[in-house]
Amino acid sequence: MGSAVTVQSIGPAAAAETTLRAAAAKAGLFFGVAASPGRLSSIVGQEFNQLTPENDMKPSTIATSSGGLQNTGNADTLVNYAQTNNMLVRGHTLVWHSQAGALQGANQATLNTFIGNALNRWGNRIAYWDVVNEALDDNNTGNRRSQWPHTLNRDANGDGDLFDTGDTDVIRDSFIRAKQVVQAGGLTTKLCINDYDVEGLTVRGGVQNRKANALYEIVRNYRQYIDCVGFQAHFNDNPNSIITDDLQANIQRFADLGVEVHLTELDIDDDLSNNDIGAGQAENYRKVVRACLNVAKCTGITVWGIADSESWRSSERGLLFTGGSGNYQKKAAYHAVLDELNKGRDVSTDPTSPGTPPTPSASPSVTPSVPPTTPPNPTTGCSATVSLNSWTGGFVATVRVTAGTAPINGWTVGIALPSGATVTNSWNANRTGTSGTVQFSNVSYNGSVNAGQYTEFGFQGSGTATGLTPVCTAS
Ligand code: XIL
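Scoring rules and cut-offs
Residues numbered from 1 in each chain as written. Predicted model: local features only at pLDDT ≥ 70, side-chain atom pairs only at ≥ 80, totals over all residues. Heavy atoms only, no water. Helix = DSSP H or I, 4+ residues; strand = E, 2+ residues; numbered from the N terminus. Buried < 20%, exposed > 50% of the residue type's maximum accessible area, 1.4 Å probe, protein only. Contact = heavy atoms within 4.5 Å. Areas by Shrake-Rupley, 256 points an atom, 1.4 Å probe, with all protein chains shown as cover. Near = heavy atom within 4 Å. Polar contact = N/O pair within 3.5 Å; in protein donor to acceptor, adjacent residues only side chain to side chain. Nonpolar A, V, L, I, M, F, W, Y, C, P; charged D, E, K, R; others polar. Right-handed = clockwise from strand over helix to strand, strands pointing away. Pairing = 2+ DSSP bridges. Axes fitted to C-alpha atoms, helices over the stretch in contact; angles between N-to-C directions. Salt bridge = Lys/Arg side-chain N within 4 Å of Asp/Glu carboxyl O. pLDDT = per-residue confidence, 0-100. Disulfide = S-S within 2.5 Å. Core = buried A, V, L, I, M, F, W, Y, C linked by side-chain atoms within 4.5 Å.

A closer look at the overall build of the protein chain
Okay, step 1: Within the protein chain, the regular secondary structure consists of 10 helices and 21 strands.
Okay, step 2: Here the protein chain, with 475 residues, has 57% of them falling under the buried criterion.
Okay, step 3: Sequence-distant contacts, at least 24 apart, represent 71% of the contacts inside the protein chain between residues at least 6 apart.
Okay, step 4: In the structure as shown, the protein chain presents an accessible area of about 18200 Å², 48% of it carried by carbon and sulfur atoms.

Side note on the site of the ligand
Okay, step 1: Around the ligand sit 13 residues, and of these Glu54, Lys58, His92, Glu265 and Trp304 come closest.
Okay, step 2: A distance of 3.0 Å separates an oxygen atom of the ligand from a polar atom in the side chain of asparagine 133.
Okay, step 3: About the coverage of the ligand: the protein hides 77% of its 420 Å² of free accessible area.
Okay, step 4: When its residues are assigned to classes, the shell around the ligand shows three nonpolar, six polar and four charged.

Details of the pairing of strand E7 (residues 228-231)
Okay, step 1: Where burial is concerned, the two faces of E7 agree: the one with Cys228 and Gly230 and the one with Val229 and Phe231 are both buried.
Okay, step 2: The handedness of the strand E6 (residues 190-195) to E7 crossover, carried by helix H7 (residues 210-221), is right-handed.
Okay, step 3: Sheet analysis places E7 next to strand E9 (residues 260-268), joined by four bridges and oriented parallel. Paired with glycine 230 across the two strands is histidine 262, which belongs to E9.

Observations concerning the sheet that holds strand E18 (residues 430-432)
Within a beta sheet, neighbouring strands are joined by backbone hydrogen bonds and run either parallel or antiparallel to one another.
Okay, step 1: Ordered in space as E18-E19-E16-E21, the four strands form an open sheet in which the pairing is antiparallel. Both edges of this open sheet fall to E18 and strand E21 (471-474), since each of them pairs with a single strand only. Ignoring which end each strand starts from, the neighbouring axes of this sheet average 20 degrees apart.
Okay, step 2: Direction of pairing for strand E16 (residues 411-416) relative to strand E19 (residues 437-441): antiparallel, over a ladder of five bridges.

Describing the pattern of salt bridges
Note on pairing: side chains with opposite charge can pair once their charged atoms come close.
Okay, step 1: For the structure on display, the rule yields 21 salt bridges.
Okay, step 2: Glutamate 310 is the partner of arginine 39 in a salt bridge, and the nearest nitrogen-oxygen pair spans 3.5 Å. Taken together, the residues arginine 39 in the loop between strand E2 (30-35) and helix H2 (42-47) and glutamate 310 in the loop between strand E10 (298-303) and strand E11 (321-324) connect sequence positions 271 residues apart.
Okay, step 3: On the basis of relative accessibility, which here comes to 30%, the residue arginine 39 falls in the partly exposed class.
Okay, step 4: Between aspartate 130 and arginine 90 there is a salt bridge, and its shortest N-O distance comes to 3.0 Å. Taken together, the positions of aspartate 130 in strand E5 (residues 128-133) and arginine 90 in strand E4 (residues 88-95) put the pair 40 residues apart, joining distant regions of the chain.

Details of helix H8 (residues 247-255)
Okay, step 1: Most of H8 is tucked away: nine of the nine residues are buried.
Okay, step 2: Listing the buried residues of H8 in full gives Leu247, Gln248, Ala249, Asn250, Ile251, Gln252, Arg253, Phe254 and Ala255.

Structural notes on the confidence of the model for the protein chain
Okay, step 1: On average, the protein chain scores 89 in pLDDT, and the residues at 70 or more come to 88%.
Okay, step 2: Low pLDDT, under 50, characterises residues 1-11; the predicted model gives this stretch 36 contacts beyond four residues in sequence or across chains.
Okay, step 3: Predicted confidence is poor over residues 349-378, with pLDDT under 50, and the contacts of this stretch with residues over four places away or in other chains come to 77 contacts.

Side note on the state of the cysteines
What we call a disulfide is simply a covalent bond connecting the sulfur atoms of a pair of cysteines.
Okay, step 1: Taken as a whole and assessed by the stated rule, the structure comprises three disulfides.
Okay, step 2: Two residues share a disulfide in this structure: cysteine 192 and cysteine 228, whose sulfurs sit 2.1 Å from each other. Judged by the torsion about the S-S bond (-80 degrees), the cysteine 192/cysteine 228 disulfide is left-handed. In this pair, cysteine 192 is assigned in strand E6 and cysteine 228 in strand E7, connecting sequence segments 36 residues apart. There is no split in this pair, since cysteine 192 and cysteine 228 are both buried.
Okay, step 3: Between the sulfur atoms of cysteine 292 and its disulfide partner cysteine 298 the distance amounts to 2.1 Å. With the S-S bond torsion at -105 degrees, the cross-link from cysteine 292 to cysteine 298 turns out left-handed. Considered together, cysteine 292 and cysteine 298 belong to a single accessibility category, that of buried residues.
Okay, step 4: If one numbers only the bonded cysteines of the protein chain, in the order they occur, the disulfide pattern is 1-2, 3-4, 5-6.

Structural notes on the side chain of threonine 264
Okay, step 1: Its location among the elements puts threonine 264 in strand E9.
Okay, step 2: Side chain to side chain, threonine 264 and asparagine 194 meet in a polar contact 2.7 Å long.
Okay, step 3: Every residue in contact with threonine 264, bar those within four places of it in the chain, is listed here: Arg90, Asn194, Gly230, Phe231, Gln232, Thr302 and Trp304.

Points about the nonpolar core
Okay, step 1: One finds Phe31, Ile193, Leu320 and Leu341 to be the most contacted residues of the largest nonpolar core, which totals 96 residues.
Okay, step 2: Once you skip the residues sitting within four places of it in the chain, leucine 341 turns out to touch Leu20, Ala23, Ala24, Ala27, Leu29, Phe31, Val289 and Leu293.
Okay, step 3: By size, the runner-up hydrophobic cluster in this structure holds 25 residues, among which are Phe395, Val413, Phe457 and Leu468.

Quick word on unusual backbone geometry
Trans is the prevailing form of peptide bonds, just as negative phi is the prevailing case for residues other than glycine.
Okay, step 1: Here the bond from histidine 92 into threonine 93 is cis, since omega is 10 degrees, no more than 30 degrees from zero.
Okay, step 2: Summarising the element assignment, threonine 93 is placed in strand E4.
Okay, step 3: With an omega dihedral of 5 degrees, the bond running from tryptophan 148 to proline 149 counts as a cis peptide bond.
Okay, step 4: Tracing the sequence through the fold places proline 149 in the loop between E5 and helix H6 (170-184).
Okay, step 5: The backbone of asparagine 140 sits at a positive phi, close to 55 degrees, despite the residue not being glycine.
Okay, step 6: Here asparagine 140 lies in the loop between E5 and H6.
Okay, step 7: The residue arginine 317 is not glycine, and still its phi comes out positive at about 45 degrees.
Okay, step 8: Among the structural elements, arginine 317 can be located in the loop between E10 and E11.
Okay, step 9: Accessibility expressed as a relative area gives 41% for arginine 317, which makes it partly exposed.

Below is the structure:
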């Protein structure tokens, strides 16, 4: 970005919180950390309100070859610590090609046994479980991995996907099992799918993120079993691992499916040698945290370790603290994250709202959730409303299509964009055109809307898109 832009006042002046967990809690999300028992210094409970065992709940530690449990001591230590310190726990992870230990090569029945044993062992003490981890291939192919456990997959009708009746899919079958266990036990544990290089709508060079699209299709098809999606968010200079401006739009499109979205393993390479990932580590952290805050269903962020020296990628210096062994110092990135969390989800540009005067900042000014531009029409047919997240030079629009007093079986929404505004991506709709009046119509799964109910689609654009007035026609 060429020039400094302005972050506007942020509502009534309130004392800023001084820890990540307090600031996050006020904004309505958790801020967590990955840890091992050897890293449970006081900073963990002070700064974080969610804990992910970095290695101690992986099958390589806790699974027997028949799907039983073993060596659960470290996991118990972490769960107990979390409970004592009022932290949520993310169980990590049940079905994964890596660190599979004695489960390596197991069939679905054995995986199911393990899923049941692990879920029941900790029950509601675990708020979120990563049921399936890293199912998708590298290099932006959009394919599933080919190694075990994905060798269990069968595309029965050979149509190139695993979503048909008759197909076998280890993802679906593992989630079905996990959901059964949750329901049978009356558990509140939420079931997540977790992956990396799925963060943006695009990767380097504006290329479509096929891995993200493949994950999206999985969540959309298995929505009934999947409660949450984890973007690992290990950001670095690799072409598919960079921070893109459409991170928020991608979080939003998953959120629009109704799942919670989490950034589950956040670290950001501080290597600025080729400046590929942006303006500096602290600003990059700010940008990523802001993208989550701007989407209501982005309900948590977890950093993958406390200090750089103790990180799995220590050479990237990607975390929020320096130091080590319980003696930690806050980095600029820490202060940026705390400041951004303290601004909360509602960074208002309303000039009448009280608060501190605008301060110059290198970060985008963001306008979440503008009120609907037209009220829902309580008649037959349909009506549409738009809420807009805007930043300098771009926006994401979420469009809600509401049926009138009768059900509808299809819809078209026309939106006249101001000159200079161009649609760059859209989801949950077919689209005609990119500028001027753009037409959106339902896709196969969201055309039927019951009386008074609604469905949502979204699009991302460049330029400015104020005063949008959608026109809905039912078919
Ligand atoms: C990493 C741990 O941080 C390391 O200590 C371990 O040696 C290897 O695994 N994606 C994941 C995490 O889902 O489980 C990985 O954790 C990092 C990448």
